[in-house]
Amino acid sequence: MFEYAKKLVGEAVITEVTNYLAKDPENNIEKLVNLASKLAIRQNHKEQIASAGKHLSNRDSHWHKLFVRTLKETHPKVRERLTVNFIINSVLFGIPKQYELAEKLGYAVPWAILMDPTDRCNLRCKGCWAGEYPKKNDLTFELMDRIVKEGEELSIFFYLFSGGEPLLRKDDILKLAKEHPDSVFHIFTNGTLIDEKFAEECADAANIVFAISIDGFEESTDMRRGKGTFAKVMRAADILHQYGLIYGFSTTYHRHNVEEIASDEYIDMLVDKGFRFGWLFTYVPVGSESDLEFMATPEQRAYVWKRIREIRATKPILVADFWNDGEFTGGCIAGGRRYFHINAAGDVEPCAFIHYACVNIKDTSLKEALGNPLFLAYQKRQPFNENHLRPCPLIDNPQELVACVKESKARCTQTVSLDAEKLADSLEAYAVEWGRKADSNWEETRAR
C-alpha cells in the first residue's frame, strides 16, 4: 500500500501521516500541516499550506468544521488513501514534476485529465454539453488503462470522468481505480446509478470521489433532468455517506435557477446531506441547437461571483466556480495548461465545452497528444484576457477560439459540425456585455 508515495517520501513519513489520521485527527491538525509544509517543494505550496493551517487550527472556523467532519465521517481506508494520493502524489510532488517536464518538452503537462468512458446516458438533460455527441461511443478499458499509465509516467495522478453518464461503465471504472491505486479518480455523475453494492466496492478501492449533478431543489433539478431525478440524487448521497465516501455536487446555473442555487438554503441543504465540495458551471451554449436564452445573464453571473465568495467565507463546504474563479488560476486552465478533455470517441479536446480537436488518443501517445497544434495555439495565447474574470476563449473571448481553431486547422468533433466563426459570432454580444461587468468587478477586486 502507498508504494509510489513511499518511494517519494519514505515509509516512515507515510506511517506518520496515517497514524495522525487514524488517532485523534482533530488534535493532530497542526502536526499534519507542519508535515505537509516540510514535504512541499514549491514556495507557493508552502504559503498555501501555512494559510490553510491557520484556518484549520481555528476551532471556530467553518474550515475547521468541514475538515473535522470529513475526517470523522469518511471510511478510514478512503481517508488515508485520498490524503496520500491527492496531497502527496498529485499536488506536492506531482505539480513540481509536471512543470519540470514541461520545460523539457516545450509545452504544458497538465495536472488533471478529464475523459468520457462513454457518451451514452440514461438521462436527457436540457442544455447538456455532451448532447451533440453521437451517444454510441465508448473508450475501451484497455485505452483508458493506457492513458492512466502514460499519465502517471508524466506525474499526473488526478483523473476525472464525465460523459454521457460514466457509471454506465462502473465496472471498468472500478477496475481502473484498483489497477491504479496511486491516483485519484473523480466521477461527475447524475447519481441515478449509485447503489449499495457499487458504494461498497468504491470504499474498498478507496481512491474514488464523486460530484453529483444537481441544479437546485426538486422542481429545478427535475425540470432540467427529468421527474424523480432529485429524489434519486438524495438517495445516492445517503448511500455514499453510509459507506464513508467523499462526494460533492456539480451544479449548472442558468437563467432560471441562479438565485436558488446561490441561496443559503440550497447550500445548507447540501451541507446537511454530507456534500464536502461543489463545482459551479455556468450554462454554456454548445452545439448547433444551443439555447442562448438559457444562459445566465451577465448580471446573474456577477451575482454568483459575489455569492460564491460569501459562501466560501461562511459555509463548511468548499465551492469552486469553473469560470468565475479565473483570478485564482491565472485564467483559462484548458488546452493542456492544467487540464484537457478526451471524449468517448478518443478526440483530444482542450476542454469539455470546446468540441474541436487535431488528434485522437487512439492514434498517438499521451505525451505526443499534449503537444498537438490546438493545445500549442491555446498556450501561446493564454491568458486570453488580462482580466481573469474573463478567462474563457468561448464565452468571454470568442474570437480567440476562432484564432486557435484556424491556426491549428482543428476539426469539429460534434455529430453536426459547427463552424467556429459562427459559434463565436453568436456569443459576441454576450462577451461584450459580460466584459463591461467583469471589468468593473476586476477593478474593484484589484483595489481591495
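Note that the coordinates shown come from a computational prediction; the quantities given were computed from them, not determined experimentally.

(A) Focus on the environment of Gly435. Relative to the assigned elements, Gly435 resides in helix H19 (residues 420-447). Remark: the alpha-carbon pair of Gly435 and Arg390, spanning 45 residues in sequence, is separated by 6.8 Å.

(B) Quick peek at the sheet that holds strand S1 (residues 112-115). If you trace the nine strands from one edge of the open sheet to the other, you get S7-S6-S5-S4-S3-S2-S1-S8-S9, paired in mixed fashion. With partners counted over all chains shown, the strands left at the sheet margins are strand S7 (318-321) and strand S9 (348-349), one partner each. Relative to strand S3 (residues 184-189), helix H6 (residues 76-105) is tilted by about 110°, and along the sheet it contacts strand S2 (158-161), S3 and strand S4 (208-213).

(C) Fine view of helix H8 (residues 170-179). Those residues of H8 not exposed but buried are Lys170, Ile173, Leu174, Leu176 and Ala177. Buried residues of H8, seen end-on, are gathered within an arc of 160° and therefore sit on one face of the element. Looking at the buried side of H8, the elements it contacts are helix H7 (141-153), S2, S3, helix H9 (196-205) and S4.

(D) Seen up close, the packing of helix H18 (residues 398-408) against H19. Put simply, H18 and H19 touch, their axes get as near as 8 Å, and they point 165° apart. Of the possible angle classes, the one that applies to H18 and H19 is roughly antiparallel. Crossing hand, H18 versus H19: left-handed. Contacts between H18 and H19 involve Pro398, Gln399, Leu401, Val402, Val405 and Lys406 on the former and, on the latter, Ala420, Glu421, Leu423, Ala424, Asp425, Leu427, Glu428 and Ala431. Among the residues making up the contact of H18 with H19, the classes are represented as nine nonpolar, one polar and four charged.

(E) Seen up close, the side chain of His62. In this structure, His62 sits in helix H5 (residues 62-73). Since its relative accessible area comes to 14%, His62 is described here as buried. Here Arg312 takes part through its backbone oxygen, which lies 2.7 Å from a polar atom of the side chain of His62.

(F) Layout of helix H14 (residues 298-314). For H14, built from 17 residues, the straight-helix expectation of 24 Å at 1.5 Å per residue is met to within 8% by its first-to-last C-alpha distance of 25 Å. Regarding H14, the residues found buried are Pro298, Gln300, Arg301, Ala302, Val304, Trp305, Arg307, Ile308, Ile311 and Arg312.

(G) Geometry of the state of the cysteines. Counted by the stated rule, this structure contains zero disulfides. Cys358 takes part in no disulfide bond, and the closest cysteine sulfur to it belongs to Cys404, at a distance of 10 Å. According to the relative accessible area criterion, Cys358 is partly exposed, its value standing at 27%. Considering cysteine sulfurs only, Cys332 is the nearest to Cys392, which forms no disulfide, with 6.5 Å between them. Since its relative accessible area comes to 10%, Cys392 is described here as buried.

(H) Fine view of the environment of Arg255. Looking at where Arg255 falls in the secondary structure, it is placed in the loop between strand S5 (247-253) and helix H12 (258-261). The class of Arg255 is partly exposed, set by a relative accessible area of 28%. Among the polar contacts made by the side chain of Arg255, one reaches the main-chain carbonyl oxygen of Met295 at a distance of 2.8 Å.

(I) Structural detail: the packing of aromatic side chains. Using the criterion set out here, one finds 23 aromatic pairs in the structure. An angle of 70° between the planes, with centres 5.8 Å apart, marks the rings of Phe86 and Phe158 as edge-to-face. One end of the pair, Phe86, is in helix H6; the other, Phe158, is in strand S2, and 72 residues separate them in sequence. Given a relative accessible area of 33%, Phe86 falls into the partly exposed group. Judged by centre distance (6.0 Å) and plane angle (5°), the ring pair of Phe161 and Phe185 falls under stacked. Placement of Phe161 in strand S2 and of Phe185 in strand S3 is noted, with a sequence separation of 24 residues between them. Each member of the pair Phe161 and Phe185 is classed as buried. Each residue in the set Phe188, Trp279, Phe281, Phe322, Trp323, Tyr339 and Phe353 is aromatic and connected to the rest through ring pairs, giving one cluster. Against the face of Phe141 rests Lys175, its NZ or CZ located 4.3 Å from the ring centre. Positioned over the ring face of Tyr99 is Arg338, at 4.9 Å from the centre of the ring.

Conventions adopted
Residues numbered from 1 in each chain as written. Predicted model: local features only at pLDDT ≥ 70, side-chain atom pairs only at ≥ 80, totals over all residues. Heavy atoms only, no water. Helix = DSSP H or I, 4+ residues; strand = E, 2+ residues; numbered from the N terminus. Pairing = 2+ DSSP bridges. Contact = heavy atoms within 4.5 Å. Axes fitted to C-alpha atoms, helices over the stretch in contact; angles between N-to-C directions. Buried < 20%, exposed > 50% of the residue type's maximum accessible area, 1.4 Å probe, protein only. Arc of directions from axis to C-beta. Parallel < 35°, antiparallel > 145°, perpendicular 65-115°, else oblique. Left-handed = near helix turned anticlockwise from the far one by under 90°. Nonpolar A, V, L, I, M, F, W, Y, C, P; charged D, E, K, R; others polar. Polar contact = N/O pair within 3.5 Å; in protein donor to acceptor, adjacent residues only side chain to side chain. Expected span 1.5 Å × (residues − 1). Disulfide = S-S within 2.5 Å. Phe/Tyr/Trp six-rings, centres within 6.5 Å; stacked < 30°, edge-to-face > 60°. Lys NZ or Arg CZ within 6 Å of the ring centre and 35° of its normal.

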